[in-house]
Amino acid sequence: MAISTANFKNGLTIEVDHAIWRIMEFQHVKPGKGGAFVRTKLKNLRTGAVQEKTFRSGAKMEQADIQTRSMQYLYEDGDSRVFMDTDNYEQIAVPNDTIKDQLPFLQENMNVDLIQYNAEVLGIEVPNTVVLEVASTEPGIKGNTASGGSKPATMTTGLVVQVPFFVNEGDKLSINTQDSTYISRA
């Protein structure tokens, strides 16, 4: 389906130069001299690269038909991860390279959204927050209260997060998956 630059909105997926792009942000610009144009920041869904592109106002391009399926993460299988469709129990193996940014947040039996274009798996979307257990961290020293300061803590999935001094090994923490930051104790 062809789409015009006038219909751009954040999160829309388009096909440009044989690649699939998600619009991160856009801005209509009407200079005093010359024709109007649209300045966009696009993210390539295959490679994860972010690029700025400019389109003439009113230019048409193809909208990419992206499907998301609710899946459950089952287990690791060599250099891939296996997910199961919660509706028909179909299992799909996704290479670790495709989802390398989400790997530190994956836990068995976690529900995620699988992003597909035609039959090609482009990646997964994990929930905005996940609860992870602290595998190792330096012990808190008496006198170090919640009034500032932080220390590194390694989660059971291998993710390293800066946490307050009062966090100990075995604690369950809420972690923001967008920027890998500590939110609170769970």
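Here's a quick rundown of the structure.

What counts, and at which threshold
- Residues numbered from 1 in each chain as written.
- Predicted model: local features only at pLDDT ≥ 70, side-chain atom pairs only at ≥ 80, totals over all residues.
- Heavy atoms only, no water.
- Pairing = 2+ DSSP bridges.
- Helix = DSSP H or I, 4+ residues; strand = E, 2+ residues; numbered from the N terminus.
- Axes fitted to C-alpha atoms, helices over the stretch in contact; angles between N-to-C directions.
- Contact = heavy atoms within 4.5 Å.
- Salt bridge = Lys/Arg side-chain N within 4 Å of Asp/Glu carboxyl O.
- Buried < 20%, exposed > 50% of the residue type's maximum accessible area, 1.4 Å probe, protein only.

Bringing the sheet that holds strand β6 (residues 60–63) into the picture now. If you walk across this open sheet you meet the six strands as β1-β6-β2-β3-β4-β5, and the pairing is antiparallel. Lying at the two open borders of the sheet, with one neighbouring strand each, are β1 (2–4) and β5 (50–56). Strand-to-strand twist of the sheet, defined as the mean angle between neighbouring strand axes without regard to direction, takes the value 50 degrees. In the sheet, strand β4 (residues 37–44) pairs with β5 via seven bridges, with the strands oriented antiparallel. By the bridge assignment, L42 is partnered in β5 with Q51.

We now examine the environment of H28. Within the element layout of this structure, H28 appears in strand β3 (residues 19–29). Between the C-alpha atoms of H28 and N88, which are 60 residues apart in sequence, the distance is 44 Å. Those residues in contact with H28, other than ones at most four positions away along the chain, are T5, A6, F37 and V38.

Here we come to the pattern of salt bridges. Under the defined criterion, the tally for this structure stands at eight salt bridges. Between D17 and K53 there is a salt bridge, and its shortest N-O distance comes to 3.3 Å. Here D17 is found in the loop between β2 (13–16) and β3, whereas its partner K53 is found in strand β5, with 36 residues between them in sequence. Residue classification places K53 among the buried positions, given a relative accessible area of 17%. Of the charged contacts in the structure, one is a salt bridge between R69 and D85, with a shortest N-O distance of 2.7 Å. Of this pair, R69 sits in strand β7 (residues 66–77) while D85 sits in strand β8 (residues 80–85); the two residues are 16 residues apart in sequence, bridging distant segments of the chain. For the pair R69 and D85, a shared accessibility class is recorded, and that class is buried. Look at the salt bridges and you will find they share partners, linking R69, D85 and E90 into a network.

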